[in-house]
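# Chain and residue survey
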Amino acid sequence: MKKYPVITGPTASGKTALAVKAAQALDGEIISADSRQIYTGMDIGTGKDLDEYGTVPYHLIDIVPAGYKYNLYEYLRDARAAFDEITSRGKLPVVCGGTGMYLEALIRGTNLPEVPENAELRKRLASKSLEELTAILSEMKTLHNTTDVDTAKRAIRAIEIQTYYLEHPELTPEVTPTGTDENAVIIGVEIDRDSRRRRVSARLRTRLEAGMIEEVKNLLESGVPAENLIYYGLEYKFITLYLTGELTKDEMIDSLEIAIHQFAKRQMTWFRGMERRGFEIHWLPYDINPDTFVEKVADLLQ
């Protein structure tokens, strides 16, 4: 097995364009590690920018309908299938994305059981507030990030998963016998805080002008429940709250901009945590010349 690159970084760092450049040069194909780009119809808000890929094949983008609740178990299953399919053709997998939980689980070789819905548990939890659900979940596991408790639905699902593990201790998530994939070379696209904030703000304006509000409106009109869009967070959460009359347009834009900045900060916290957990991340500057970036990646794969 040859070494392969895992290209990551916070939102608005430009990692996708750099990953595509590397894939073009190294006869590779992109495996997305973005928890929202998997959904069809969620294009502007997730920043798919499919034109950037050119002739480079990509995987795990537009694979399930908006409204579906894709999970880590499914990601690991689908990413490993894509990895095997790409390598079977002699191509290089280039993993790219900013969902740290997906990346770390994939590289670490985590195995997850498929956790079924627990209707009785959901009924018992349905009347509880987000604060109450957060307290319940925090008693069941250490909350490393706030993703599990962004919404009541997310928190209930997280409690459901933890309950399943408690009832089936033999299925608790484990690292496979092979452990961390030593062939994974993690390359982080590093961007300073001020530049990142400028790029986030500029990108938000561009996406609003490109029709991001209309995209969310179309999803609602197509039958995707508002609560499902809120579940996806960030753009889809705040624009839905605006379209359903819970926020003014100015409140939506201000709240969304703050939330994206906070999200980028949480991403960096996750990546720094990965380093503390023993993962080596080779950081390269976001404004690096793309050809130089490719050369650096090629050298790291040797």
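It is worth spelling out the overall build of the protein chain at this point. For the protein chain, the helix and strand inventory stands at twelve helices and ten strands. At 19 Å, the protein chain has a C-alpha radius of gyration in line with the 19 Å of a compact globule built from 302 residues. Across its three principal axes, the protein chain shows a C-alpha extent of roughly 55 × 50 × 35 Å. For the protein chain, the residues scored as buried account for 48% of the 302 residues in total. Accessible surface, the protein chain as shown: approximately 14900 Å² in total, 50% of it carbon and sulfur. Of the side-chain charges in the protein chain, 37 are positive and 47 negative, and the distance between the mean point of each set is 2 Å.

Okay, the sheet that holds strand S1 (residues 4–8) next. Spatial strand order, S4-S2-S6-S1-S9-S10: six strands in an open sheet with parallel pairing. Strands at the two margins of the open sheet, each flanked by one partner only, are strand S4 (58–59) and strand S10 (281–285). For strand S2 (residues 28–32) and strand S6 (residues 92–96), the ladder comprises five bridges, and the chain directions are parallel. Counterpart to Ile 30 in the pairing with S6 is Val 94. The strands touched by helix H12 (residues 290–301) are S1, S6, strand S9 (184–190) and S10; relative to S9, the strand with the most contacts, the crossing angle is about 155°.

With that settled, the discussion passes to helix H10 (residues 234–243). The element H10 is largely enclosed, with a buried count of seven among its ten residues. Along H10, the residues that are buried comprise Leu 234, Glu 235, Tyr 236, Phe 238, Ile 239, Thr 240 and Leu 241. Where the residues of H10 are buried, they touch helix H7 (193–209), helix H8 (212–221), helix H9 (226–232) and helix H11 (249–276). Trailing H10 by a residue or two, Gly 245 shows a phi angle of about 85°, which is positive.

Judged by nonpolar contacts, the single largest core of 81 residues is most densely connected at Ile 31, Tyr 75 and Phe 293. By residue number, the principal contributor to this core is H11, which donates eight residues. Ignoring sequence-local partners within four residues, the contact set of Phe 293 consists of Ile 7, Leu 18, Ala 19, Ala 22, Ile 187, Leu 284 and Ile 288. Judged by nonpolar contacts, the second largest core, of nine residues, contains Leu 133, Leu 137, Val 149 and Ile 159.

Enumeration according to the criterion identifies 19 salt bridges in this entry. Among the ionic pairs, Asp 62 bridges to Lys 48, the shortest N-O distance being 2.3 Å. Residue Asp 62 is located in the loop between S4 and strand S5 (64–65), and its partner Lys 48 is located in the loop between strand S3 (39–40) and S4; the two are separated by 14 residues in the primary sequence. A relative accessible area of 29% places Asp 62 in the partly exposed class. By relative accessible area, Lys 48 is classed as buried at 2%. Several salt bridges share partner residues, and in doing so they unite Glu 117, Arg 122, Arg 157 and Glu 160 into one network.

Attention shifts here to the packing of helix H3 (residues 100–108) against H11. Where H3 contacts H11, the axes come no closer than 10 Å and their chain directions differ by 25°. Put simply, H3 runs roughly parallel to H11. Here Gly 100, Met 101 and Glu 104 of H3 come into contact with H11, specifically with Trp 270, Phe 271 and Met 274. Among the residues forming the contact of H3 with H11, the class breakdown is four nonpolar, one polar and one charged.

This paragraph deals with H3. In an α-helix, one turn spans 3.6 residues, which is why side chains three or four residues apart end up on the same side. With seven of nine residues buried, H3 lies mostly within the body of the structure. Among the residues making up H3, those that are buried are Gly 100, Tyr 102, Leu 103, Glu 104, Ala 105, Leu 106 and Ile 107. The first or second residue beyond H3 is Gly 109, which carries a positive phi of 80°.

A word on the environment of Val 115. Along the polypeptide, Val 115 turns up in the loop between strand S7 (110–111) and helix H4 (119–125). Residue Val 115 is classed as buried on the basis of its relative accessible area of 10%. Along the chain, Val 115 and Tyr 286 lie 171 residues apart, while their C-alpha atoms are 38 Å from each other.

Where H8 meets H10, the axes come as close as 10 Å, and the angle between the chain directions of the two elements is 75°. By the angle between their axes, H8 is roughly perpendicular relative to H10. Note on element contacts: H10 touches H8 through Glu 235, Tyr 236, Ile 239, Thr 240, Tyr 242 and Leu 243, opposite Met 212, Ile 213, Glu 215, Val 216, Lys 217, Leu 219 and Leu 220.

So, about unusual backbone geometry. Phi at Asp 49 is positive, roughly 45°, even though this residue is not glycine. Note on placement: Asp 49 falls in the loop between S3 and S4. Unusually for a residue other than glycine, Leu 60 sits at a positive phi of about 65°. When its relative accessible area of 7% is taken as the criterion, Leu 60 is described as buried.

Conventions and cut-offs
Residues numbered from 1 in each chain as written. Predicted model: local features only at pLDDT ≥ 70, side-chain atom pairs only at ≥ 80, totals over all residues. Heavy atoms only, no water. Helix = DSSP H or I, 4+ residues; strand = E, 2+ residues; numbered from the N terminus. Rg over C-alpha atoms; globule rule 2.2 N^0.38 Å. Buried < 20%, exposed > 50% of the residue type's maximum accessible area, 1.4 Å probe, protein only. Areas by Shrake-Rupley, 256 points an atom, 1.4 Å probe, with all protein chains shown as cover. Lys, Arg positive; Asp, Glu negative; His and termini not counted. Charge placed at Lys NZ, Arg CZ, Asp CG, Glu CD. Pairing = 2+ DSSP bridges. Contact = heavy atoms within 4.5 Å. Axes fitted to C-alpha atoms, helices over the stretch in contact; angles between N-to-C directions. Core = buried A, V, L, I, M, F, W, Y, C linked by side-chain atoms within 4.5 Å. Salt bridge = Lys/Arg side-chain N within 4 Å of Asp/Glu carboxyl O. Parallel < 35°, antiparallel > 145°, perpendicular 65-115°, else oblique. Nonpolar A, V, L, I, M, F, W, Y, C, P; charged D, E, K, R; others polar.

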